[in-house]
Amino acid sequence: IRVPLASPDQAYRWRGPAASLFTNDLRLSVARQRLVLDPHGVYALLQYGAIPAPFSLFRGVERILPGHEACLDSTLLTRLPQAGPLPVASASDETEAALLTRIDDVLLGTRRPSAIFFSGGVDSSLLASRIAAAGLRDVPLLNYAFGPDDPEAAHAGRMAAHLGMPIERIQPASEKAVDVLARAALEYSYPFGDYSSLPTNLLVRATTARLPRGSEVVDGTGADGVFAVGHTRQDVIRSRYEPLGSLTPWIGQLAGRLHAWSGLTASDGRIAAAARLIRCVTTMPPLLAAVIAQNSLQDECFYATSEVRAAVNDALMHMVASLTPSTSLADKATTLDVTLVCGGIFAAKDFDPLRHRGVDAVYPFLHPDVLGPSLALPWNTRCAGGQPKALLKRALTRHVPADLVFRKKSGFRPRVHSAFSDIDMRDFVQDCALRRDSPLCEFLNRDAVEHLFSRAFDAKPIHTKAYNLLWALAFVGSWIDGLARLYTGPRGDSHGPAWSTPNDAGHCGWADRCA
């Protein structure tokens, strides 16, 4: 079983007394078993939005480490070889040409692309320019617009016009967030935390309504991780996160209590941001706090023992050490972002929903033939002159005006208030996603979580990272609840899984801790 370095297609191993199972679908590991949520997986999901190997959401189910090969008759993992390096020239022309050749081979080598997910940014525009250069200008560019006044949608239209390719705008659908959450276990093979999965799911549904089964959609995920994150985060880590990481743990605990007691959850102000930053850097390594931490609400809203937190953080740092080709802080940040975030969260937003509807997704920047050589490039080539993604931007300016390339771009962000204030959302969260008998609730400070959800339902202010947690709780809770329903017969007869609470497995949940 070969597991790519960065892929939404994850691999799992389960060993029972009479049989072993390898699968790329976590849902298959729960059939006809009595299962317990793994505290390591729950903590990782709520803190980082994704679960690192060897953990999974379920105790006894092991995730295979990315970039490695596993054998059916052995517990050993073997590091996969990487593709050969690209040539590096001082003017970068040769490097650029070699990189584009690799991208072209992935884009056009076996199948004709049916569509491109198109934001108008550097990544998707470069891929579109390569397809246009191959003479396939009729391939549609699918752009999700957050409304008629969305400036990014207008920019995407200008970019498409210069490329000479048709653009189709996908407007926000009338479908509610609860409809997406209710399908979570049907459409996703494993849960993760990213609140832009809502508009992405709606984009996928609109896309598959236009395309026949067997089509292929191109997604530019991964370019930021490979060509920018390490460069942009290393200075921040050194100047801000590492100095604060030397603070004693009690200062972090004090910052967390101040944040909870003073109601700073509703604020994005400087004091609130400082308290959250201090809380993060005193509970995890600076690299994790700077690159992948989604919130600072552990102990305030969700709980994990210090042993569980240490095990998850150690697994992440071990993964970085084993997969990073150097000791460079920029390379470590890149490895962490590419494997956990790009592969396990960003690409996961559309990979399974597309596959569920018979459409394949291709991620050229994450493909081993492109990713390995790209990671071997020196940073003064990837980000020449201190410009993030300089190599990609240089290549794109050969096709479109430079002012369309060198610009500030806003992220792919949904209007989260409107999603949580849907009239049916409150009932769905209480009755399905986080109902009181959900095994997930054993890890939560329910009063604090319900307070946050109540503010979200009423469209009251909440700081941005708290929304990460709320969406993760709603999505993971819906996935667990939906998975139980998938294994329930038409008359409610359970064929599995038989859920055990964490306390059944000897874990001290939040209620016991408070008692």
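Residues numbered from 1 in each chain as written. Predicted model: local features only at pLDDT ≥ 70, side-chain atom pairs only at ≥ 80, totals over all residues. Heavy atoms only, no water.

### Description of the packing of aromatic side chains
Pairs of aromatic rings are described using the distance from one ring centre to the other and the angle between the two planes. Here is the rule we go by: Here a pair means two rings of Phe, Tyr or Trp (six-membered ring of Trp) with centres within 6.5 Å. Their orientation is stacked below 30 degrees between planes, edge-to-face above 60, and tilted elsewhere.
The final tally for this structure, using the stated rule, is 13 aromatic pairs. Site record: aromatic cluster; members linked through ring pairs are Y188, Y190, F192, F420, F453, F457, Y467, W471 and F475.

### With respect to helix α3 (residues 122–133)
Rules: A run of H or I in DSSP becomes a helix once it reaches four residues, and a run of E becomes a strand once it reaches two; helices and strands are each numbered from the N terminus. Each helix should span, by expectation, one fewer than its residue count multiplied by 1.5 Å. Exposed residues in this analysis have more than 50% of their type's maximum accessible area, buried residues have under 20%, and partly exposed residues fall in between, with area computed by a 1.4 Å probe over protein chains only.
End to end, α3 covers 16 Å across 12 residues, agreeing with the expected 16 Å (1.5 Å per residue, within 8%). Counting buried positions along α3 gives 11 out of 12 residues, so the element sits mostly inside the fold. Taken together, the buried positions of α3 are occupied by V122, D123, S124, S125, L126, L127, A128, S129, R130, I131 and A132. Just past α3, the residue G135 takes up positive phi, approximately 90°.

### Regarding the sheet that holds strand β9 (residues 141–144)
Definition in use: Here a strand pair is declared whenever DSSP counts at least two bridges between the two strands. Geometry is summarised by axes, namely lines fitted to C-alpha atoms with helices restricted to the contacting stretch, and by angles between N-to-C directions that run from 0 to 180 degrees. The contact definition used throughout considers only heavy atoms, calling two residues in contact when any of these lie within 4.5 Å.
Strand order in this open sheet of 5 strands is β10-β9-β8-β11-β12, and the pairing throughout is parallel. Two strands in the sheet have a free side with no partner beyond their single neighbour: β10 (167–170) and β12 (360–362). Across this sheet, the average inter-strand angle for adjacent strands is 30°, counted without regard to direction. Here strand β8 (residues 115–117) pairs with β9 via 2 bridges, running parallel. In the sheet register, I116 faces β9, and the bridge partner there is L141. Here helix α4 (residues 151–163) sits on the sheet and contacts β9 and β10; the angle it forms with β10, its principal contact strand, is near 165°.

### Observations regarding the environment of G372
By the element assignment, G372 lies in helix α15 (residues 368–375). By relative accessible area, G372 is classed as buried at 6%. Counting along the chain gives 367 residues from G372 to L5, while the straight-line C-alpha distance between them is 8.6 Å.

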